[in-house]
Amino acid sequence: MAKIRKNDFRSGLPRPGLAAPGTVDLNQWTDKDFRADIGRFISRYGRVGSRDMTRACSEETITARRNRIASAMAVLVKAKQVKALSELRPRIIPKLLELWDETELSPASQVQAFSVLKWFWRMHGITRNVGNIKAYAKDPDRYVISTAAKHDKGVSARVEDMAEIFKALDQRDVRVGAWARLGWAFGLRKLEFIRLKPYEH
C-alpha cells in the first residue's frame, strides 16, 4: 500500500471538510437504503488503510469492503436485527455470527468479513470493545485457519497436469492455449493473468 499523498483526490479518500478517518460519526448513516449509505461511506473512506490510516489500499480491497459490509447488512436486515447502517455496531457481532452459520458462510469467509467490519468500526473510532472473532464464537476453534498447503502446489508437481490442460485449450482455440502458456511461463497470478490482453499489443 502506498502512502496517501496530500493532493490525492481518488475516490475513497477523505476530502477537506470531512471527518478524519477514526473520527467519522456512525450516527449519520440513517438512510433506509443501507446500500446507498455504504456507497457514500466507501466513496469517502473506502481506500483508507486498515492498520495504517495514512496508506491507501487497492481497488480490489475497496470492492471487497463494499461487498462484505453490504452482505453483512443484508443478512442482519433480513433477520430484522437492524434497519440502517448506523445500527451496525459491535454489540450485534454474536447474532451476526449465528446468522452467518445459518447461511453456511465458511469460517474463512467469516474471518475475512469480520476483518472488514473491524476496519469499518475503526473508521468510526469504535475500537475499544472489538476483539478477535474468536472472542464472540461459541466454538472458537472453528476460526483457526490452516495456512499450510495440504498438497504440493509447486510448478514441478503440476507439469503433467498443465500439459493436459494446454492440450485441451489448444483443441478449443490455439490462441487461448498460447495465452495460457504465456501466463504460466511468466508465473502470473490470477488477476494479472485475467488482465493480460496480448491481442491489444
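Residues numbered from 1 in each chain as written. Predicted model: local features only at pLDDT ≥ 70, side-chain atom pairs only at ≥ 80, totals over all residues. Heavy atoms only, no water.

**Structural notes on the overall build of the protein**
Phase 1: The secondary structure content of the protein amounts to seven helices and two strands.
Phase 2: Going from N to C terminus, the protein has its helices and strands arranged as β-α-β-α-α-α-α-α-α.
Phase 3: Buried residues in the protein amount to 29% of all 201 residues.
Phase 4: Taking as baseline every contact in the protein between residues at least 6 positions apart, the subset at least 24 positions apart corresponds to 60%. (Helix = DSSP H or I, 4+ residues; strand = E, 2+ residues; numbered from the N terminus. Buried < 20%, exposed > 50% of the residue type's maximum accessible area, 1.4 Å probe, protein only. Contact = heavy atoms within 4.5 Å.)

**A closer look at helix α1 (residues 34-45)**
Phase 1: With 12 residues, α1 should reach 16 Å at 1.5 Å per residue; the first-to-last C-alpha distance of 16 Å fits that figure.
Phase 2: Looking at α1, one finds that the buried residues are Phe34, Asp37, Ile38, Phe41, Ile42 and Tyr45. Projected down its long axis, α1 shows its buried positions confined to an angular sector of 135 degrees, all on one face.
Phase 3: On its buried face, α1 is in contact with α2 (59-78) and α4 (107-123). (Expected span 1.5 Å × (residues − 1). Arc of directions from axis to C-beta.)

**A closer look at the confidence of the model for the protein**
Phase 1: A residue-level look at the protein finds 87% of positions with pLDDT of 70 or above and a mean pLDDT of 85.
Phase 2: The spread of mean pLDDT over the elements of the protein runs between strand β1 (residues 2-3), the lowest at 68, and α2, the highest at 95. (pLDDT = per-residue confidence, 0-100.)

**As for the packing of helix α3 (residues 93-102) against α4**
For any two helices packed against each other, one specifies the inter-axial angle together with the distance between the axes.
Phase 1: Look at α3 against α4: their axes get within 12 Å of each other, and the N-to-C directions meet at 150 degrees. It follows from the interaxial angle that α3 and α4 lie roughly antiparallel. Pair α3 / α4 crosses with right-handed handedness. Of the residues in α4, those in contact with Ile93, Leu96, Leu97, Trp100 and Asp101 of α3 are Gln110, Ala113, Phe114, Leu117 and Trp121.
Phase 2: Along the lines of polarity and charge, the residues of the contact of α3 with α4 split into eight nonpolar, one polar and one charged. (Axes fitted to C-alpha atoms, helices over the stretch in contact; angles between N-to-C directions. Parallel < 35°, antiparallel > 145°, perpendicular 65-115°, else oblique. Left-handed = near helix turned anticlockwise from the far one by under 90°. Nonpolar A, V, L, I, M, F, W, Y, C, P; charged D, E, K, R; others polar.)

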